[in-house]
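Residue-level structural notes
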Amino acid sequence: MSVLQTLQSLFTLAFVVTSMLGMGLSLTVSQIVAPLRNARLVGLSLAVNFVVVPAVAFGLSRAIPLDQDVQIGLLLIGTAAGAPFLPKLAQIAKADIAFAVGLMTILMLVTIVYLPLVLPLLLPGIEVSALEIALSLIVTMLVPLVVGLLIKARYESIAKAMQPAMAQISTISLALLLVLMLALNFRNVIALFGTGAIIATLLFIVIAVLAGYVLGGPRTSTKQVLALGTGQRNLSAAFIIATSNFAGQPNVLVYVAAAGLVGMVVLFPTAGEFGKRAKVIPGTDQPAASGQA
């Protein structure tokens, strides 16, 4: 592993851990759970992420002439939901952050069970370790979130003091991560032009975002969260599977990394555009309850 790849791993870990810890320090369990009491919205969120989006990935992998490694990579990102970037995207969009954290958590938990069941059907011969995926996601995402929630519940003054520092570290780590991803994968992305992979990836992201927005309920803030959460896939889970199951096909990992970079390039400006159009409660960064943005 090169120095840049090591730094990328460290910045990814720093971003995910500080983001989750910061979210826990700023929210309560009731705030996270409240949006998930809307059974219809939760059902639609699960349907779009685990039925619609995988079907889109499968259809694009067959409709567009792609190398086998790219087809595999597209199916991996299509079936892996619950991205750690979602709360940050929701924050940029000035959308419902509590719903974003709750949605990310439930999508992540379902992904742990879903991938070992579905991927062998889509990719015959593949074996997926649910334990390996679960440990990675639980340690890097759930544990920091729970720690933050506990500190917030028991030591609110400490939580208030810690939260700005976590937010700052998270933002800096994300900026450095984006630069490193571009440096490491720029040639890989350029090499994918002309193969159909970039077109397939862009179509996949756009369709996923639109599907999430349409099925995101009547409130604009939840529509935006589900749009961003559906478009942004769980690269951590995809990387684990690509590394453990396709070591002899390194282009699978290359494609997943390139697709992750393309997703960031598309989704962060999209979140920023949502944020420009958002209405927030005066004096806070919380979205207004109105369904209009």
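Remember, predicted model here, so these are calculated numbers, not experimental data. (Residues numbered from 1 in each chain as written. Predicted model: local features only at pLDDT ≥ 70, side-chain atom pairs only at ≥ 80, totals over all residues. Heavy atoms only, no water.)

Below, the discussion takes up the overall build of the chain. Helix and strand counts for the chain come out as 12 helices and zero strands. Helices and strands appear in the chain in the N-to-C order α-α-α-α-α-α-α-α-α-α-α-α. For the chain, the C-alpha radius of gyration of 18 Å lies close to 19 Å, the compact-globule estimate for 293 residues. Across the 293 residues of the chain, 51% fall into the buried class. Intrachain contacts of the chain at a sequence separation of at least 6 include 80% that bridge at least 24 residues. With an accessible surface of roughly 12,900 Å², the chain has 69% of that area assigned to carbon and sulfur atoms. (Helix = DSSP H or I, 4+ residues; strand = E, 2+ residues; numbered from the N terminus. Rg over C-alpha atoms; globule rule 2.2 N^0.38 Å. Buried < 20%, exposed > 50% of the residue type's maximum accessible area, 1.4 Å probe, protein only. Contact = heavy atoms within 4.5 Å. Areas by Shrake-Rupley, 256 points an atom, 1.4 Å probe, with all protein chains shown as cover.)

Counting residues in each nonpolar core, the largest one holds 88 residues, and the members touching the most others are Leu76, Ile77, Leu115, Ile133, Phe204 and Ile241. For this core, the leading source of residues is helix H6 (residues 97–122), giving 14 residues. The contact partners of Leu76, leaving out residues within four places of it in the chain, are Leu119, Leu123, Ala238, Ile241, Ala242, Phe246, Val252 and Val256. Listed in part, the five residues of the second largest apolar core include Leu21, Leu25, Ile151 and Met166. (Core = buried A, V, L, I, M, F, W, Y, C linked by side-chain atoms within 4.5 Å.)

All right, on to the packing of aromatic side chains then. Counting across every chain of the model gives two aromatic pairs. Centroid distance Phe50 to Tyr114: 4.8 Å. Interplanar angle 55 degrees. Geometry classified as tilted. On the criterion of sequence distance, the pair formed by Phe50 in helix H3 (residues 39–63) and Tyr114 in helix H6 is long-range, its members being 64 residues apart. In this pair, the class of Phe50 matches that of Tyr114, namely buried. (Phe/Tyr/Trp six-rings, centres within 6.5 Å; stacked < 30°, edge-to-face > 60°.)

Let us now look at the side chain of Asn49. With respect to the helices, strands and loops of the structure, Asn49 is situated in helix H3. Among the polar contacts listed, one links the side chain of Asn49 to the side chain of Thr230, at a separation of 3.4 Å. Once residues within four sequence positions are removed from consideration, Asn49 is found in contact with Pro54, Gly78, Ala81, Leu107, Leu226, Gly229, Thr230 and Arg233. (Polar contact = N/O pair within 3.5 Å; in protein donor to acceptor, adjacent residues only side chain to side chain.)

This part takes up the layout of surface pockets. To locate leftover empty space, one rolls a probe as large as a water molecule over the atoms. In this structure, the largest pocket spans a volume of roughly 920 Å³. Elements with a contribution of two residues or more to the lining of the largest pocket: helix H1 (3–26), helix H7 (130–154), helix H8 (156–192), helix H11 (235–245) and helix H12 (250–277). Ranked by residue count, the leading element in the lining of the largest pocket is H1, at six residues. The residue makeup of the lining of the largest pocket, split by class, is 16 nonpolar, 10 polar and no charged. (1 Å grid on protein atoms, 1.4 Å probe; cavity = no way out; pocket = protein on both sides within 12 Å on 5 of 7 lines; lining within 4 Å. Points joined across faces, edges and corners; volume = space filled by probe spheres on them. Nonpolar A, V, L, I, M, F, W, Y, C, P; charged D, E, K, R; others polar.)

Taken together, the side chains of Val3, Leu4, Leu7 and Leu10 present a nonpolar region at the surface, about 350 Å² in accessible area. Along the chain, Leu7 turns up in helix H1. The class of Leu7 is partly exposed, set by a relative accessible area of 32%. (Patch = residues over 30% accessible without salt bridge, like charges linked within 9 Å, V, L, I, M, F, W, Y side chains within 5 Å. Salt bridge = Lys/Arg side-chain N within 4 Å of Asp/Glu carboxyl O.)

Between the first and last C-alpha of helix H9 (residues 197–214) there are 26 Å, a value that for 18 residues agrees with the 26 Å anticipated at 1.5 Å per step. When H9 is considered as a whole, its buried residues turn out to be Ala197, Ile198, Ala200, Thr201, Phe204, Ile205, Ala208, Val209, Ala211 and Gly212. (Expected span 1.5 Å × (residues − 1).)

The phi angle of most residues is negative, glycine excepted, and most peptide bonds adopt the trans form. One non-glycine residue with positive phi stands out, namely Lys94, at about 55 degrees. The exposure class of Lys94 is partly exposed, given its relative accessible area of 36%.

The residue Leu89 is located in helix H5 (residues 86–93) in this model. A relative accessible area of 0% places Leu89 in the buried class. For Leu89, the contacting residues outside a window of four places in its chain are Leu228, Gln232, Leu267, Phe268 and Ala271.

Per-residue confidence for the chain gives a mean pLDDT of 84; residues scoring 70 or more make up 93%. Looking over the chain, one finds the lowest element-wise mean pLDDT in H11, namely 78, and the highest in H3, namely 95. (pLDDT = per-residue confidence, 0-100.)

Our focus in this paragraph is the side chain of Thr201. Mapped onto the elements, Thr201 comes out in helix H9. The exposure class assigned to Thr201 is buried, which follows from its relative accessible area of 2%.

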